[in-house]
Amino acid sequence: MIGYISDNLLIPILDFFYGLVPSYGLAIVALTVVIRLALFPLSAGSIRSARRMRIAQPVMQKRQADIKSRFANNPQKQQEELQKLMKEFGSPLAGCLPLLVQMPILFALFATLRGSPFADVPYTFNLKVLPADQIAAVEPKPFNTASHSIFITETDHVPVIGSLPGGNKLGAGDSAKIQLQTKTGESFSQVLSGVNEGQKFQPDWSVTKGDGVVSVAADGTIKAITPGDATVEGKIPGIAARSGFLFIRALGQVGFYTDGAVNWDIAILVGGFGLSLFASQLLSGMGMPANPQQSTANKITPVMITGMFLFFPLPAGVLLYMVIANIFQAGQTFLLTREALPDNLQTILDDQMKQKKTAGATAGAGGQGGSRLPFEPRGGSK
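Only a predicted model underlies this, so the values are computations on that prediction, with no experimental measurement involved. The residue count restarts for each chain, going from 1 along the sequence in the order it is written. Where local features are concerned, this predicted model is filtered to residues with pLDDT of at least 70; where side-chain atom pairs are given and counted, the filter is 80 or more; whole-chain, interface and lining totals use all residues. Here the side-chain values reflect all heavy atoms present in the structure, with hydrogen atoms and water set aside.

1. Overview of the sheet that holds strand β11 (residues 228-236)
For two strands to count as paired, DSSP must find a minimum of two bridges between them. Numbering of helices and strands runs from the N terminus, with a helix taken as a DSSP run of H or I at least four residues long and a strand as a DSSP run of E at least two residues long. Spatial ordering of the open sheet is given by β5-β1-β11-β8, a layout of four strands whose pairing is mixed. Two strands in the sheet have a free side with no partner beyond their single neighbour: β5 (169-171) and β8 (204-209). Averaged over all adjacent pairs, the angle separating strand axes in this sheet is 35 degrees, with direction ignored. One ladder, built from five bridges, connects β8 with β11; its direction is antiparallel. When the sheet's bridge partners are listed, Asp204 is paired in β11 with Lys235. Helix axes are fitted to C-alpha atoms over the stretch in contact, other axes to C-alpha atoms as well, and angles between N-to-C directions run from 0 to 180 degrees.

What follows is the structure, given as structure tokens:
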């Protein structure tokens, strides 16, 4: 499903924007904004639900406890009252459905930006080499990889599948050639023959596991050497993987620290992601009573996630998408926090804010009273 959404929805949108402005960086920005606008109603539903539950939760918890206590011996009545409560305030799970609906599209967008043309595309073959006298008993089953859309020019791309017609189980001493072909069965090499400088898109084959078990030639021919497990990988270069955008040196660049040097463009993107996430969480609490637990989570979560992405291998193009998406989310959150609440929730919120002010005033008065010396009269010294 994710591959279908990527090939039939996201890549055509990407092609459209690249046709308007020939910049893959701007195409990523435009694609992100378009998808976020399309998902606005769903994400708005999640934000609204979270805001309303944050206000209603204390009241709901008290009333749930009261209902369970009053109707402890009458499960049917208890269930009826709990349903009325959910109807009045809404279900805490109501915000999850919009999130689940939009997840396939967001995953597809994430996968699109990790593939061609923004990054080198890997084709991985996990192999098992058996002794020569055992391979005859194994029934050959063709092995196919997932399909990837490979850009062979700035606007032309083809879906390419890697396959081993005889399967991924080989006998020691046997050979097998990996085939890359389109969904219609046309050889990838044949497709490249009609492309200017098409040879630069030929895959680079290597053994990533089991170096002594198999060997692989430049044309993708595997030679089984000795029994064991092995992995062969071929990478097709992404046409935009090494193109820059603004301060980003290469959209396909991966890693904060590589080859003994710090990639400051990656560091800036990760820092921007953390700041935009922190801003979004702060905005979600605007006009709400203080919640110490939520406040602590809002401070810790951005730091933890940002620290993780410093070492989690994501291409710069994906990080660019994440920063733009977070900025859009922060703006959406700001707009929705200014939206009028239903009357029952507004009444609850007003009461909570009054209690907060009263508690603050009491604490302030207590602090002033506590500042008097033990022997000083309340009216002051004379």
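Once you've had a look at it, read on.
2. Quick notes on the side chain of Glu233
Looking at the element boundaries, Glu233 is found in strand β11. Classification of residues uses two cut-offs on accessible area relative to the type maximum, computed with a 1.4 Å probe and protein chains only: under 20% is buried, over 50% is exposed, and between them is partly exposed. His is not counted, nor are the chain ends, whereas Lys and Arg count as positive and Asp and Glu as negative. Only one rule defines a salt bridge in this text: a Lys or Arg side-chain nitrogen within 4 Å of an Asp or Glu carboxyl oxygen. Although Glu233 lies buried, it forms no salt bridge, and the closest oppositely charged side chain, Lys235, sits 4.3 Å away as judged by the N-O distance. Of the polar contacts made by the side chain of Glu233, one reaches the side chain of Thr124; its length is 3.5 Å. When checking whether two residues touch, look at their non-hydrogen atoms; a contact exists if any pair is within 4.5 Å. Glu233 has contacts with Pro122, Tyr123, Thr124, Asp204, Trp205, Ser206 and Thr208, leaving out every residue within four places of it along the chain. Throughout this description, a polar contact denotes any pair of N or O atoms lying within 3.5 Å of each other; where both atoms belong to protein, one of them has to be capable of donating a hydrogen while the other can accept it, and for residues adjacent in sequence the pair is counted only when both atoms sit in side chains.

3. Overview of the pattern of salt bridges
Summed over all chains, the structure comprises one salt bridge. With a closest N to O distance of 3.3 Å, Lys128 and Asp229 form a salt bridge. Remark: Asp229 occurs in strand β11 and Lys128 occurs in strand β1 (residues 121-130); sequence separation between them is 101 residues. Relative accessible area serves as the criterion here: at 37%, Lys128 is assigned to the partly exposed category.

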